[in-house]
Amino acid sequence: MDQFKLGLGLFIFLAIPPVATFMESVMVIHMHMQMPMLIIAGLLIAPFFQQRFPRFFEKWNQNGLPGILLFIIIIGYWMLPRTMDEALTLQSVEIFKFISLPFLAGVPLRDSWKKLTDFQKNSVITFFTIAFLGMGALYTLAPDQLCNNYLIIEQLTLGWAFLLTAVGMIVYLLYVAFVDPSQYE
Amino acid sequence: MSAQTLKDKTNEVLGVNLEDAKLTKSYLLVAFIALLLGGLFGLLQGINRAGLIELPTWLNYYQVLTAHGLLLIVVFSGFFMIGYFYSGLSHTLGGLLPKVRKLGWIGYGLSMFGTVLVVIMVLMNEASVLFTFYPPMKANPIFYFGLVFVVLGIWACCFGAFIQVANWRKENKGQHLPILSFFATGAFILLLACTLFVAVEVLFLILPWSLGWVDTINVMLARTLFWAFGHTAVNIWYMTAVSAWYVIVPRVIGGTLWNDTLTRVVVVALVIMNITGGFHHQIVDPGISDTIKYMHVFMSLAIGFPSLMTAYALFVVMERTGRRKGGKGVFGWLKKLPWGDVRFLAPFIAMLAFAPAGAGGIAQTTFQLNSVVHNTMWVVGHFHLTLGMSVAMTFFGISYWLIPYLSGRVLTPAINKLGVIQTIIWSGAMILMAFAMHTAGLFGSPRRTSYTTYGDHAAALGWDPYMMLIGIGAVLLLIGVLIQFYVVINLMFFAPKGQTEFPIAPKEPGDVTGYWTERWGVWVVLMIIVVAMAYVVPIVDMIVNAPPGSPPFRTW
């Protein structure tokens with residue numbers, strides 16, 4: 001249960017008001033650091049739920065697809081500029097962020113990932129690569145402020161971060177397409 | 001018998017692969033010719049700073065400074081590093097593949113061509129830009145084209161090394177990469193990653209501007225890209241030296257590698273955390289926000305951790321070896337170390353020098369201390385301690401066994417003695433010089449300026465005694481350079497024939513290494529993430545909120 005404690009600790013750390021406020025004060029840290037860290041907290045907590053409710057996961061997430069679908073929906077929701085804005089202005093949405101990202105995205109991701117085939121895994125990554133390219137284009141090309149809470153310069157920075165992340169994912173996809181690790185290890 | 005073991009056996013019997021030896025010897029020869037020329041320019045510079053000579057109009061101080069820096073920082077260190085690691089790859093991975101050797105030669109050709117272009121431009125006084133192609137100072141475009149070729153040459157060598165390592169891992173599944181090749185892999189990954197930054201700077205910013213296609217350049221952005229490379233380059237040479245401290249020195253003193261996993265963790269840590277340290281060179285630059293400068297303190301100091309681990313590990317190795325040989329008491333083991341062996345003495349003094357050098361570096365990391373010493377002689381002193389002493393002396397120490405190993409000759413007692421004398425001269429001169437430079441820097445003497453008394457200002461006249469010490473140091477160092485060059489030529493062409501060992505320390509019995517250290521894919525991804533976290537925010541800010549841009553300046 002060490003992972004569980006680590007995950008819970010990370011979750012509590014991220015929820016401490018000064019930490020949350022600081023991370024949300026910079027757009028790119030909000031989206032590319034706080035949100036992924038919440039998901040990571042969920043990933044670490046996941047084994048706790050998997051052991052507690054094995055039947056539940058077996059019944060509802062037998063082949064991993066429902067879980068990964070839920071993950072995609074939650075992440076898709078949090079990629080909308082409006083939701084990020086609302087997380088800052090409405091406390092209920094902020095609370096939803098802290099619950100949905102670890103428990104509705106992180107936990108199902110951990111449970112689903114092992115059940116997916118390689119093709120399905122790479123499809124998920126391809127989907128997010130395309131989505132990130134789209135988001136990158138949106139944030140770098142939009143002439144207006146998309147979030148009331150962040151300046152255009154921050155929006156641009158986030159856009160570039162999306163584009164670079166997508167580039168990194170493309171490199172990864174090319175790597176798995178052309179390199180066979182079993183030849184080396 | 002498999003092809004691999006056959007190759008190993010042949011290697012064992014025949015010694016070094018002659019074709020690989022030729023490649024490495026060519027690199028080392030260029031490195032030491034650069035040392036000789038760079039040392040000569042250093043002498044001119046030193047005695048000019050001491051106020052002893054006035055340089056002729058056709059050879060001005062800034063030209064000499066640029067040549068000194070380029071020849072020693074880029075050519076000497078770069079060529080030595082590539083030659084040394086290629087010989088390490090060849091020795092530990094059973095000989096270079098033919099295509100890797102070819103890439104090594106292509107890299108050699110491209111780098112040489114580039115270096116010649118650069119040197120011609122410097123000698124023609126067309127590129128006295130103080131060796132850091134640092135806008136808004138603008139050199140002749142051919143200077144920058146020369147640098148492009150140097151970078152292309154480096155890339156050829158990087159890819160060669162990666163192909164060699166990948167091939168070995170394919171043939172030796174599940175095995176750990178031999179430790180020296182592990183160091184080489186890390187160093188070449190860093191070299192490739194950091195030169196990408198400078199390639200972007202030169203291709204997209206500097207070349208169009210120096211050719212006159214665009215009127216202005218984003219100075220802030222260019223400098224940031226430059227330092228992502230420049231800082232890492234310094235650490236690559238340091239890593240090269242460290243590889244010898246970990247792998248070679250224990251063998252020379254008759255000991256073992258202390259902890260294989262720790263050694264590999266140091267390499268991995270240096271790879272992941274290195275590039276982002278570049279910001280600390282721009283502490284006093286305007287246009288970088290306080291938050292980023294605050295972040296850089298952590299990023300720069302992070303590199304201190306692997307260094308501290310190194311210091312600990314190396315002294316453990318030396319103490320254990322000394323005690324095994326019968327050293328008693330708290331410091332008795334020190335007496336058992338082979339002080340008369342230049343292969344140990346030179347790298348040992350290099351390690352000692354790294355203690356004050358590292359401490360000075362930490363002082364420069366913080367804003368307040370940096371404000372005092374920035375752009376003063378202090379920084380020059382720091383650099384002579386780190387590169388001039390820690391790195392160069394380790395390289396010298398390596399040359400005493402690597403060159404005879406490559407040329408099928410032996411290190412004679414006479415040359416060893418000469419090496420010890422060289423080491424003493426070099427250490428004394430560097431200590432003198434570094435002390436004088438650090439002190440003069442604290443008193444405000446600027447760096448990168450020709451000798452001047454600023455109209456006989458009292459403060460400037462107060463620097464004069466230190467400048468004289470620098471001049472004396474420069475003369476002694478040139479003597480050191482001449483001895484070293486003689487030794488290298490002797491070991492390469494004239495020393496008696498014989499067998500020399502490539503000294504690689506064995507692991508301690510029972511020392512098991514985790515296989516996770518071999519996951520280079522993960523380390524590279526982590527490096528990219530760390531680099532992205534450090535650079536995306538400030539670089540977007542520098543591009544979007546760019547200043548008006550600067551036209552080219554020619555200050556000489």
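Just so you know, the residues in each chain are numbered from 1, in the order the chain's sequence is written. As they are written, the chains are lettered A onward and the ligands numbered 1 onward, keeping that order. The model is predicted, so local features are restricted to residues of pLDDT at least 70 and side-chain atom pairs to those at 80 or more, both for listing and for counting; the totals for chains, interfaces and linings are taken over all residues. Here the side-chain values reflect all heavy atoms present in the structure, with hydrogen atoms and water set aside.

Draft legend 1. Representation of the overall build of chain A. Summing up its helical and strand segments, chain A has nine helices and zero strands in all. Going from N to C terminus, chain A has its helices and strands arranged as α-α-α-α-α-α-α-α-α. With C-alpha atoms as the basis for the radius of gyration, the globule rule is written as 2.2 Å multiplied by the number of residues raised to the power 0.38. Computed over C-alpha atoms, the radius of gyration of chain A comes to 17 Å, within 12% of the 16 Å expected from 2.2 N^0.38 for 185 residues, which places it in the range of a compact globule. On the principal axes, the C-alpha backbone points of chain A span a range of 45 × 40 × 30 Å. When accessible area is computed with a 1.4 Å probe and restricted to protein chains, residues below 20% of their type maximum are described as buried, those above 50% as exposed, and intermediate ones as partly exposed. Taking all 185 residues of chain A together, the buried fraction comes to 45%. Where helices and strands are cited, they refer to DSSP runs of H or I of at least four residues and of E of at least two residues respectively, numbered from the N terminus.

Draft legend 2. Quick peek at the state of the cysteines. Here, the term disulfide refers to a pair of cysteine sulfur atoms separated by no more than 2.5 Å. Under the defined criterion, the tally for this structure stands at zero disulfides over all chains. For B:Cys157, which is in no disulfide, the shortest distance to another cysteine sulfur is to B:Cys158 and amounts to 7.0 Å.

Draft legend 3. Structural detail: the packing of aromatic side chains. Residue and element names in this part refer to chain B. Centres within 6.5 Å make a pair out of two Phe, Tyr or Trp rings, where for Trp the six-membered ring is used; the pair is then stacked when the planes are under 30 degrees apart, edge-to-face when over 60, and tilted otherwise. Counted under the stated rule, the structure contains 58 aromatic pairs over all chains. Within the aromatic cluster, the residues linked to one another by ring pairs are Phe32, Phe76, Phe80, Tyr84, Phe85, Tyr86, Phe188, Phe395, Phe396 and Trp426. Here, a charge over a ring is recorded when the distance from Lys NZ or Arg CZ to the ring centre is within 6 Å and its angle to the ring normal is within 35 degrees. One residue, Arg223, lies across the ring of Tyr134, its end atom 4.4 Å from the ring centre. Here Arg264 stacks its cationic end above the ring of Phe182, 4.8 Å away from the centre of that ring.

Draft legend 4. The interface of chain A and chain B, seen in detail. Residue contacts are defined here by distance: any two heavy atoms, one from each residue, within 4.5 Å place the two residues in contact. With twelve residues of chain A at the contact, the number on the chain B side is 14 residues. Defined in terms of a 1.4 Å probe, buried area is the accessible area two parts forfeit on being brought together, summed over both. Taking both partners together, chain A and chain B bury about 1200 Å²; carbon and sulfur atoms supply 72% of that area. Salt bridge, as used here, is a side-chain nitrogen of Lys or Arg placed within 4 Å of a carboxyl oxygen of Asp or Glu. Connecting chain A to chain B are zero salt bridges. Here a polar contact is recorded for every N or O atom pair within 3.5 Å, except that within protein the pair must consist of a potential hydrogen donor and a potential acceptor, and residues adjacent in sequence are included only if both atoms are side-chain atoms. The interface formed by chain A and chain B contains zero residue pairs in polar contact (both at pLDDT 80 or more).

Draft legend 5. Looking closely at the pattern of salt bridges. Residues and elements named next belong to chain B. A full pass over the atoms with the stated rule returns 15 salt bridges over all chains. Its salt-bridge partner being Asp285, residue Arg223 comes within 3.7 Å of it at the nearest N-O pair. With Arg223 in helix α7 (residues 219-252) and Asp285 in the loop between α8 (260-273) and α9 (290-302), this residue pair connects regions lying 62 residues apart in the sequence. As far as the burial class goes, Arg223 and Asp285 line up, both buried. Within this structure, Asp260, Arg264, Lys507 and Glu518 form a network of salt bridges that share partners.

Draft legend 6. Spotlight on the nonpolar core. As used here, the term nonpolar core means buried Ala, Val, Leu, Ile, Met, Phe, Trp, Tyr and Cys residues forming a set that is joined through side-chain atoms within 4.5 Å. Counting 191 residues, the largest nonpolar core has B:Phe76, B:Tyr84, B:Phe133, B:Phe143 and B:Phe188 as the members making the most contacts within it. Among the elements that line this core, the one with the most residues is α7(B), at 23 residues. What B:Phe133 contacts, discounting residues up to four positions off in sequence, is B:Phe143, B:Tyr144, B:Leu147, B:Val198, B:Glu201, B:Val202, B:Ile206, B:Phe226 and B:Phe229. In terms of nonpolar packing, the next biggest core, distinct from the first, is built from 47 residues, A:Met23, A:Ile39, A:Ile75 and A:Phe162 among them.

Draft legend 7. Broad picture of helix α6 (residues 179-210) of chain B. All names here are of chain B. Here α6 contains 32 residues, and its C-alpha end-to-end distance of 44 Å stays within 8% of the 46 Å for a straight helix at 1.5 Å per residue. At Val202, α6 shows its strongest bend, of approximately 35°. Burial analysis of α6 places 28 of its 32 residues in the buried class, the great majority of the element. In a helix, the anticipated span is given by 1.5 Å times the number of residues less one. The seven residues ending at a residue and the seven starting there each receive a fitted axis; the angle between those axes is the bend at that residue.

Draft legend 8. Quick look at unusual backbone geometry. Residues and elements named next belong to chain B. In this structure, the amide linkage connecting Pro135 to the following residue, Pro136, adopts the cis form with an omega of 10°. Note that Pro136 resides in the loop between α4 (98-123) and α5 (141-171). Positive phi, normally seen in glycine, also occurs at Arg448, with a value near 55°. By the element assignment, Arg448 lies in the loop between α15 (413-442) and α16 (458-462). Residue Asp456 is not a glycine yet carries a positive backbone phi of 55°. Within the secondary structure, Asp456 is located in the loop between α15 and α16.

Draft legend 9. View of the UniProt feature "transmembrane region" (unreviewed entry) in chain A. UniProt positions are given in the numbering used here, feature names are shortened, and annotations may be inferred rather than shown by experiment. Summarizing the sequence annotation, UniProt attributes the feature "transmembrane region" (unreviewed entry) to residues 31-49, 61-80, 122-142 and 157-179 of chain A in the numbering used throughout. Structurally, residues 31-49 of chain A comprises 100% helix and 0% strand, and the distance from its first C-alpha atom to its last is 26 Å.

Draft legend 10. Up close: the confidence of the model for chain B. A residue's pLDDT is simply how confident the predictor is in it, with values from 0 to 100. Here chain B averages 91 in pLDDT, while 97% of its residues score no lower than 70. Prediction confidence for the complex, expressed as pTM and ipTM, is 0.89 and 0.79 respectively.

Draft legend 11. Up close: a nonpolar patch on the surface. The patches described consist of residues with a relative accessible area above 30% and no salt bridge, like charges being joined within 9 Å and nonpolar side chains (Val, Leu, Ile, Met, Phe, Trp, Tyr) within 5 Å. Using a 1.4 Å probe, the Shrake-Rupley method yields the accessible areas, and only the shown protein chains count as cover for residues. Together, B:Leu52, B:Ile53, B:Met468, B:Ile472, B:Val475, B:Leu476 and B:Ile479 make up an exposed nonpolar region whose accessible area comes to about 520 Å². Note that B:Leu52 resides in the loop between α2 (18-49) and α3 (61-92).

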